[in-house]
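Listed here are the chains, written in short residue letters.
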Amino acid sequence: MAVPFLDIRIQDDQTRSQIVSALTALVQKTNFIGGPEVEGFTKEFGDYCGGRCVTVANGTDALILALRALGIGAGDEVITVPFTFIATAEAISNVGATVKFVDIDPKTYNMDVTKIAAAITPKTRAIMPVHLFGQVAEMDAILKIAREKNLKVIEDACQAHGGEYRGRRAGSFGDAAAFSFYPTKNLGGLGDGGAIIVQSPDLAAKISQIADHGRLDRYRHAVEGVNSRLDAFQAAGLRVKLRQLPARNDRRRAIAAAYQKGLSGLPFVVTPTVPAHIVPVWHLYCVESPNRDALMEHLKAKGIGCGVYYPIPLHLQPAYARLGLAPGAFPASERASERILALPMFPEMTDAHVAEVIDAVTAFSPPR
């Protein structure tokens, strides 16, 4: 039996009638920009995360606008990790600040908090941890350092909708947190979309203003802003899917638990490490293998979808050659890039699908 890596069509089939009904109502009322659907989703997602929500056009804009609203720009440094999608570092560069990488913890793939202090300079203004694969970073340690050094914290929570750390949800820890609603996310829209979660009402107002051309009112502009709005069509669909998110995340956890049980102990894979105080949402389920490429070809031959996240760490990307960072600079990130393999993970997977993946992995014979 073939098992796709991801199939969002099943979810769309399950929600289509509700979404079509909401979109039809929007067309009839011509509430395309702003309006009740955007206002409703903004309130509901803020309540879900435990903060105030500002919706924007996409997850990358969410990172950029959070940085900009916090006053981070030219001459500043922001600490983040090289083992992530480029949008994390790209946002820092786009506000004129300098990316300062620190390595990841080789077990959790999140920021190694023991590396942060050595990376701080007089120019450091913020720390941007990534909640990679749906597992929240070690926020207690990060926040402690930030308080001691008077640094801002921006959570890149684009893969962690509903992830928990010591009973609190991703997005509720930092000065700001960025979320993406790209269609493949745990909470995915019908196209691009994003949100920023903050605790400060003043910061929320500032972000909202920048995201809407810096307006004071229709034709007065306090600052030079941008056009980064979540349209009402996306908000309507996301409202439907947000109601289903807890159950879908629970199903992801059940699938991950089955993988952990079925794959633990195999000599050629290492299953994910999850500290007891963290509840992931398993945006991706990734194993580590010294035979990653051979395992990937084996699974594909059996009709099992899989993927590599991320094959080239950011410090070795051509886009960051200007930083002058050579191979060996961040060994844990480089090792992960060479060994990580993502297995199928989506909440509509059946138990038979999960068993098929486990059987296929177990049947692998590493090359001698």
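Residues numbered from 1 in each chain as written. Predicted model: local features only at pLDDT ≥ 70, side-chain atom pairs only at ≥ 80, totals over all residues. Heavy atoms only, no water.

Caption draft 1: Just the overall build of the protein, in detail. In terms of helices and strands, the protein carries 11 helices and 14 strands. Here the protein has a C-alpha radius of gyration of 21 Å; the compact-globule value for 368 residues is 21 Å, and the two agree. Taking the principal axes of the C-alpha coordinates as reference, the protein spans close to 70 × 55 × 35 Å. In the protein, buried positions account for 55% of the 368 residues. For the protein, long-range pairs separated by at least 24 residues make up 70% of all intrachain contacts whose partners lie at least 6 apart in sequence. Carbon and sulfur atoms make up 53% of the accessible area of the protein, which totals about 15500 Å². Side-chain charges of the protein comprise 39 positive and 37 negative groups, with the mean position of each set lying 2 Å from the other. (Helix = DSSP H or I, 4+ residues; strand = E, 2+ residues; numbered from the N terminus. Rg over C-alpha atoms; globule rule 2.2 N^0.38 Å. Buried < 20%, exposed > 50% of the residue type's maximum accessible area, 1.4 Å probe, protein only. Contact = heavy atoms within 4.5 Å. Areas by Shrake-Rupley, 256 points an atom, 1.4 Å probe, with all protein chains shown as cover. Lys, Arg positive; Asp, Glu negative; His and termini not counted. Charge placed at Lys NZ, Arg CZ, Asp CG, Glu CD.)

Caption draft 2: Inspection of empty space enclosed by the protein at higher detail. Counting across every chain of the model gives two cavities of 30 Å³ or more. By volume, the largest cavity amounts to about 110 Å³. Residue lining of the largest cavity: Lys107, Thr108, Tyr109, Leu132, Phe133, Gln135, Pro272, Thr273, Trp282, Leu284 and Cys286, and that is the complete set. The residue makeup of the lining of the largest cavity, split by class, is seven nonpolar, three polar and one charged. Taken together, Leu6, Asp7, Ile8, Gln11, Thr184, Lys185, Arg252, Phe346, Pro347 and Glu348 form the lining of the second largest cavity. For the lining of the second largest cavity, the per-class residue count stands at four nonpolar, two polar and four charged. (1 Å grid on protein atoms, 1.4 Å probe; cavity = no way out; pocket = protein on both sides within 12 Å on 5 of 7 lines; lining within 4 Å. Points joined across faces, edges and corners; volume = space filled by probe spheres on them. Nonpolar A, V, L, I, M, F, W, Y, C, P; charged D, E, K, R; others polar.)

Caption draft 3: Highlighting the layout of surface pockets. Here the largest pocket is characterised by a volume of approximately 530 Å³. Every residue lining the largest pocket is counted, 26 residues in all, and those nearest its centre are Phe85, Gln159, Tyr182, Lys185 and His283. Broken down by secondary-structure element, the contributors of at least two residues to the lining of the largest pocket are helix H3 (59–69) and helix H4 (87–94). Across the lining of the largest pocket, the residue classes break down as 13 nonpolar, nine polar and four charged. Computed from the structure, the second largest pocket encloses a volume of approximately 310 Å³. In this structure, the second largest pocket is lined by 15 residues; those nearest its centre are Val38, Thr42, Val54, Thr55 and Ser208. Put simply, the parts of the chain that give the lining of the second largest pocket at least two residues each are helix H2 (36–49), strand E1 (52–56) and helix H7 (201–211).

Caption draft 4: Broad picture of the pairing of E1. Of all five residues that make up E1, four are buried, and the element is covered over most of its length. With five bridges connecting them, E1 and strand E9 (residues 194–198) associate as antiparallel partners. The partner of Thr55 across the bridge, within E9, is Ala195. (Pairing = 2+ DSSP bridges.)

Caption draft 5: Spatial organisation of the pairing of strand E3 (residues 98–101). Of the two faces of E3, only the one carrying Val99 and Phe101 is buried; Thr98 and Lys100 on the other face are not. Where strand E2 (residues 77–80) and E3 come together, four bridges link them in parallel fashion. Paired with Val78 across the bridge in E3 is Val99. Between E2 and its parallel partner E3, the chain crosses via H4, and the hand of that crossover is right-handed. (Right-handed = clockwise from strand over helix to strand, strands pointing away.)

Caption draft 6: The sheet that holds strand E6 (residues 164–165), seen in detail. Taken together, three strands build an open sheet; the order of strands is E7-E6-E12 and the sheet is antiparallel. A strand with exactly one partner marks an edge of an open sheet, and here the two such strands are strand E7 (168–169) and strand E12 (278–279).

Caption draft 7: Main features of H4. Listed as buried for H4 are Ala87, Thr88, Ala89, Ala91 and Ile92. Contacts made by the buried residues of H4 are with H3, E2, E3 and strand E5 (152–156). Gly96 occupies a position one or two residues after H4 and carries a positive phi of about 90 degrees.

Caption draft 8: Focus on the confidence of the model for the protein. Looking at the protein, the pLDDT average stands at 96 and 100% of residues meet or exceed 70. Per-residue pLDDT, averaged within each element of the protein, yields its smallest value for helix H1 (residues 8–29) (79) and its largest for E2 (99). (pLDDT = per-residue confidence, 0-100.)

Caption draft 9: Geometry of the nonpolar core. Residues Phe41, Phe45, Phe83 and Met139 are the most contacted members of the largest nonpolar core, which totals 61 residues. Counting residues per element, this core draws most heavily on helix H8 (residues 232–263), at seven residues. Not counting residues within four places of it along the chain, the set of residues in contact with Met139 comprises Pro129, His131, Val153, Glu155, Tyr165 and Phe173. Formed by 35 residues, the second largest nonpolar core is a distinct cluster that contains Val54, Ile64, Ile72 and Ala91. (Core = buried A, V, L, I, M, F, W, Y, C linked by side-chain atoms within 4.5 Å.)

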